[in-house]
Amino acid sequence: MDVRLLGNVEIHHGGGVVGLARAGERCVLATLALVPRRRVPVDTLVAHLWGDDPPDNAGRTVATYLRTVRRAVAQAGGGRDWLRNHRPGAYELDIEPDLVDYHRFTRLAKVARDRQGAGDGAGAVAAYQQAVALRRGEALAGVTGDWAGNWRWSVEREFVEVLCNLYEQQLSMGAHAEVAANVAGLITQVVPTDRMILLGASGLAGSGQHAAIRDFYRRAATRMSATAQVRPSAEVHAMVRQLVAQPAARLTPPAAAGSPVESPVESPVESTVEPPAQHVTMVADRSGNVYQSAGDQYIGDTSDLR
């Protein structure tokens, strides 16, 4: 049995799919599946379904939803007793966490980070790719309400961070063209971050596609503005300008994921790109190079920044 939350909320089994017709039923399954083998009070289910304004018959409606979810679990090959009723007023989905796609995603992401930290680049890439392949669309699709919306936003941020970790590792292994192609396709499906934009631009530059950087930046900034109501930060803007102006430069974006920050700077597509007046270069022992801009340090190749 495979409970899926990273896309449509449904249960897969032996090649078949058990869906839930009502958004409330999907919300109840998602709430229980996110904390398997833990008791969830009915009050929590009510809050996830209706927020601060539940209907008078909320308790009876939740009970109806729970019966439907129990039948779905049994139809997918599980036992009806896997959805347990703990009196008074709590329920538990008694399944292994690995039967839920979100928990497999987080486990694989940790495996990938551990391999990355141990210097196993190929192993890290493989685990990251397995993790991102679990996403089939917007998380909790078809589940309404504030709780679902907030969790959806949170897990999308997790997903983008894992993607960026993957792209960063691939760039370090020379897979610039692959990163550039993947990021260019994904910026229309997720909310881009500063880090994702820098990785995509670096992939384009590293694969010799400097002429495509401006269009990529324009599309990413437009998507960011439309979905998150912010623009790429001034630091991102400056680094993209430098990549466009100096095709020979290869800059590695900062490792830490940052939230997009609203910036009034003009788009590099619309402005005249001029080489920066000067650079501050710092060489650190046992690291390739350090490029410092606006008080932040970025690891890069000092030979190309002098």
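A brief structural summary. (Residues numbered from 1 in each chain as written. Predicted model: local features only at pLDDT ≥ 70, side-chain atom pairs only at ≥ 80, totals over all residues. Heavy atoms only, no water.)

1. A few points about the packing of helix α9 (residues 213-228) against helix α10 (residues 234-245)
Phase 1: Between α9 and α10, the shortest axis-to-axis distance is 10 Å and the interhelical angle comes to 160°. As the angle between them shows, α9 and α10 are arranged roughly antiparallel. Seen from above, α9 lies across α10 with left-handed handedness. Side by side, α9 and α10 meet where Ile-213, Arg-214 and Tyr-217 of the first sit next to Val-236, His-237, Val-240, Leu-243 and Val-244 of the second.
Phase 2: Of the residues assigned to the contact of α9 with α10, the class counts are 6 nonpolar, 1 polar and 1 charged. (Axes fitted to C-alpha atoms, helices over the stretch in contact; angles between N-to-C directions. Helix = DSSP H or I, 4+ residues; strand = E, 2+ residues; numbered from the N terminus. Parallel < 35°, antiparallel > 145°, perpendicular 65-115°, else oblique. Left-handed = near helix turned anticlockwise from the far one by under 90°. Contact = heavy atoms within 4.5 Å. Nonpolar A, V, L, I, M, F, W, Y, C, P; charged D, E, K, R; others polar.)

2. Details of the nonpolar core
Phase 1: Membership of the largest hydrophobic core comes to 86 residues, with the highest contact counts inside it found for Leu-5, Leu-140, Trp-151, Tyr-167 and Met-196.
Phase 2: The leading source of residues in this core is helix α6 (residues 146-172), at 12 residues.
Phase 3: Aside from chain neighbours lying at most four places away, what touches Trp-151 is Leu-6, Leu-34, Tyr-102, Ala-139 and Leu-140. (Core = buried A, V, L, I, M, F, W, Y, C linked by side-chain atoms within 4.5 Å. Buried < 20%, exposed > 50% of the residue type's maximum accessible area, 1.4 Å probe, protein only.)

3. What about the packing of aromatic side chains?
Phase 1: This structure, assessed with the given rule, holds 3 aromatic pairs.
Phase 2: Ring geometry for Tyr-102 and Trp-151: centres 5.2 Å apart, planes at 70°, overall edge-to-face. Of this pair, Tyr-102 sits in helix α4 (residues 101-117) while Trp-151 is found in helix α6, placing the two residues 49 residues apart along the sequence. Of the two residues examined, Tyr-102 and Trp-151, each falls in the buried class.
Phase 3: Counting every residue linked through ring pairs, the aromatic cluster contains Tyr-102, Phe-105, Trp-151 and Phe-159.
Phase 4: One cation-aromatic arrangement involves Arg-157 over Trp-153; the distance from NZ or CZ to the ring centre is 4.8 Å. (Phe/Tyr/Trp six-rings, centres within 6.5 Å; stacked < 30°, edge-to-face > 60°. Lys NZ or Arg CZ within 6 Å of the ring centre and 35° of its normal.)

4. A closer look at the environment of Met-173
Phase 1: Examined against the element boundaries, Met-173 turns out to sit in the loop between α6 and α7 (176-186).
Phase 2: For Met-173, a relative accessible area of 48% corresponds to the partly exposed category.
Phase 3: In this structure, the C-alpha to C-alpha distance between Met-173 and Val-125, residues 48 residues apart in sequence, is 9.9 Å.
Phase 4: Excluding residues within four positions of it along the chain, Met-173 makes contact with Gly-121, Ala-122 and Val-125.

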